[in-house]
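One letter stands for each residue in the lines below.
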Amino acid sequence: MLLLELRADCNKGLISVKQLGTNPTSVDNVVVGKGNQVTLKPGQRLHMVNQLYPYTVSFSEDTSSPTSAREGSKSNKRPLQRDEGEKESPARKVAVSSHREREADDPPLAEKAKPASAEVEPSFSAGHWNQGLKVSMQDPKLQVYKDEKVVVIKDKYPKARHHWLVLPWESIPSLKALRLKHCDLLKHMQHVGGSMVQQCPDGQKLRFRLGYHAIPSMSHVHLHVISQDFDSPCLKNKKHWNSFTTDYFIESEDVIAMLERDGKVAVKDGTSELLKLPLRCHVCHKEQATIPKLKDHLKTHLTS
């Protein structure tokens, strides 16, 4: 089964990535989605199967003979599949290389070669939408607190009455980039998030959670501080709901504990599938057919 279609434009130094299968694929933390197409640039990472298998693309000058160069140029008329790097254009070669270090619980190489594996990790250009947090955290209008280590901003599309993001000034692209040395920073982020709750007028009336999305759509590590009323017009679909009410949302304390224990944060296989789960009330767990019905149901749990 063909999962990905890669087409190289060696004149421009770009790779067109189209996801054909259902296994999650992403480029620099931006999920491609089945049937969608994105552009991969040299230096960016293509991740397959929930960011488990990272690859990068590089172009190099072709030093082969004119005859072999012409043969190479013919190959760019057929789509590249998965992580293969075919030749394209008489002047340049394109190669896709894996950057994933094998770990103790990795499947055998033969299994990794099966078409079941395919997903993406982060690295888009500065102007790409997934870099938006890096812009927002510098906006004084959005900032509600800052110190030498972190800044707190209002979520531009809050999914509840109170929804803040705690971001480190240090550039950390994703949870996978976290290491043991970041524990103190994450503890500080949690402390700042807790202070936001304490200072909130509804802090005593509403329940709050502090945590991270397992596979965030936005680059740069950020801690969500969100009230559990989910009373917001920006909460519009199943993905929004399940990203905060299933195990897709990892508690801040659990992330810190994982770092202290393992020295890194591991995301379970199939985590992205949690976004497709049925809509269930996070209080009484009753299933709801639609977002409007879910929101009406949630009102029964609000004191005001």
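Presented here is a report on the structure given in the accompanying data block. Computed from a predicted structure; not experimentally measured.

With respect to the overall build of the protein chain
Then step 1. When you go through the protein chain residue by residue, the secondary structure sums to seven helices and 17 strands.
Then step 2. In the protein chain, of all internal contacts separated by at least 6 residues, the share reaching a separation of at least 24 is 62%.

Considering the nonpolar core
Then step 1. Ranked by size, the top nonpolar core spans 33 residues in total, and within it Val166, Leu178, Leu186, Met189 and Tyr212 carry the most contacts.
Then step 2. Looking at this core element by element, the count peaks at seven residues for helix α4 (residues 183–199).
Then step 3. Once residues lying within four places of it in the same chain are set aside, the contact partners of Leu186 are Leu178, Tyr212, Val255, Ile256 and Leu259.

Side note on the environment of Gly194
Then step 1. Structurally, Gly194 can be placed in helix α4.
Then step 2. For Gly194 and Leu210, which are 16 residues apart along the polypeptide, the C-alpha to C-alpha distance reads 8.0 Å.

Some points on empty space enclosed by the protein
Then step 1. Applying the stated criterion to the full structure yields one cavity of 30 Å³ or more.
Then step 2. By volume, the largest cavity amounts to about 70 Å³.
Then step 3. Every residue lining the largest cavity is listed: Pro173, Ser174, Leu175, Tyr212, His213, Pro216, Met218, His220, Val221 and His222.
Then step 4. Broken down by class, the residue content of the lining of the largest cavity amounts to six nonpolar, four polar and no charged.

As for helix α5 (residues 238–245)
Then step 1. Inspection of α5 places Trp241, Asn242, Ser243 and Phe244 among the buried residues, and these make up the whole buried set.
Then step 2. For α5, the N-terminal capping position is held by Asn237, with its side-chain oxygen 3.1 Å away from the main-chain nitrogen of Lys239.

Notes on the side chain of His188
Then step 1. Mapped onto the secondary structure, His188 falls in helix α4.
Then step 2. Assessed through its relative accessible area of 19%, His188 is described here as buried.
Then step 3. For His188, the contacting residues outside a window of four places in its chain are Asp147, Lys149 and Val150.

Remarks on the pattern of salt bridges
Then step 1. Enumeration over the complete set of coordinates arrives at ten salt bridges.
Then step 2. One salt bridge in this structure joins Arg161 and Asp231, with 3.1 Å as the shortest N-O distance. A residue pair is termed long-range when its members are at least 10 positions apart, and Arg161 in the loop between β11 (150–154) and β12 (163–168) and Asp231 in the loop between β14 (223–227) and α5 qualify at 70 residues.
Then step 3. Residue class for Arg161 comes out partly exposed when judged on its relative accessible area of 32%.
Then step 4. Since its relative accessible area comes to 41%, Asp231 is described here as partly exposed.
Then step 5. As a salt-bridge pair, Lys276 and Glu273 come within 3.4 Å of each other at their nearest N and O atoms.

Describing the packing of aromatic side chains
Then step 1. Per the stated rule, a full pass over the model turns up four aromatic pairs.
Then step 2. Taking 6.4 Å as the distance between ring centres and 50° as the angle between the ring planes, the aromatic pair formed by Phe230 and Phe244 counts as tilted. Of this pair, Phe230 sits in the loop between β14 and α5 while Phe244 sits in helix α5, and the two are 14 residues apart along the sequence.
Then step 3. The class for Phe230 is buried, based on a relative accessible area of 2%.
Then step 4. Geometrically, the ring pair formed by Phe244 and Phe249 is tilted, given 5.6 Å between the ring centres and 45° between the ring planes.
Then step 5. By relative accessible area, which is 4% here, Phe244 ends up buried.
Then step 6. By way of ring pairs, the aromatic residues Phe230, Trp241, Phe244 and Phe249 are connected into one cluster.

Brief notes about α4
Then step 1. The terminal C-alpha atoms of α4, which comprises 17 residues, lie 24 Å apart, in line with the 24 Å expected from a rise of 1.5 Å per residue.
Then step 2. Those residues of α4 that fall on the buried side of the exposure criterion are Cys183, Leu185, Leu186, His188, Met189, Val192, Gly193, Ser195, Met196 and Val197.

Looking at the environment of Pro278
Then step 1. Structurally, Pro278 is set in the loop between α6 (252–262) and β16 (279–280).
Then step 2. In this structure, the C-alpha to C-alpha distance between Pro278 and Asn242, residues 36 residues apart in sequence, is 8.5 Å.
Then step 3. Setting aside anything within four residues of it in sequence, one finds Pro278 in contact with Asn242 and Glu287.

What about unusual backbone geometry?
Then step 1. Positive phi, close to 50°, is recorded for Phe230, a residue that is not glycine.
Then step 2. For His285, which is not glycine, the phi dihedral falls at a positive 70°.

Describing the pairing of β11
Then step 1. Burial analysis of β11 places four of its five residues in the buried class, which makes it a mostly covered element.
Then step 2. By the bridge criterion, three bridges tie strand β10 (residues 143–146) to β11 in an arrangement that is antiparallel. Across the sheet, residue Gln143 finds its bridge partner in β11, namely Ile153.
Then step 3. Between β10 and the antiparallel strand that follows it, β11, lie three residues.

Thoughts on the sheet that holds β12
Note on sheets: strands pair through backbone hydrogen bonds, and any given pair is parallel or antiparallel.
Then step 1. The six strands lie next to each other as β10-β11-β12-β14-β13-β15, forming an open sheet whose pairing is antiparallel. Strands with a single pairing partner mark the edges of an open sheet, and in this sheet they are β10 and β15 (249–251). With direction set aside, neighbouring strand axes in the sheet form an average angle of 30°.
Then step 2. Against the sheet, α4 contacts β10, β11, β12, β13 (208–213) and β14, and its axis sits at roughly 145° relative to β13.
Then step 3. Across the sheet, α5 is in contact with β12, β13, β14 and β15; its angle to β13 comes to roughly 105°.

Thresholds applied
Residues numbered from 1 in each chain as written. Predicted model: local features only at pLDDT ≥ 70, side-chain atom pairs only at ≥ 80, totals over all residues. Heavy atoms only, no water. Helix = DSSP H or I, 4+ residues; strand = E, 2+ residues; numbered from the N terminus. Contact = heavy atoms within 4.5 Å. Core = buried A, V, L, I, M, F, W, Y, C linked by side-chain atoms within 4.5 Å. Buried < 20%, exposed > 50% of the residue type's maximum accessible area, 1.4 Å probe, protein only. 1 Å grid on protein atoms, 1.4 Å probe; cavity = no way out; pocket = protein on both sides within 12 Å on 5 of 7 lines; lining within 4 Å. Points joined across faces, edges and corners; volume = space filled by probe spheres on them. Nonpolar A, V, L, I, M, F, W, Y, C, P; charged D, E, K, R; others polar. Polar contact = N/O pair within 3.5 Å; in protein donor to acceptor, adjacent residues only side chain to side chain. Salt bridge = Lys/Arg side-chain N within 4 Å of Asp/Glu carboxyl O. Phe/Tyr/Trp six-rings, centres within 6.5 Å; stacked < 30°, edge-to-face > 60°. Expected span 1.5 Å × (residues − 1). Pairing = 2+ DSSP bridges. Axes fitted to C-alpha atoms, helices over the stretch in contact; angles between N-to-C directions.

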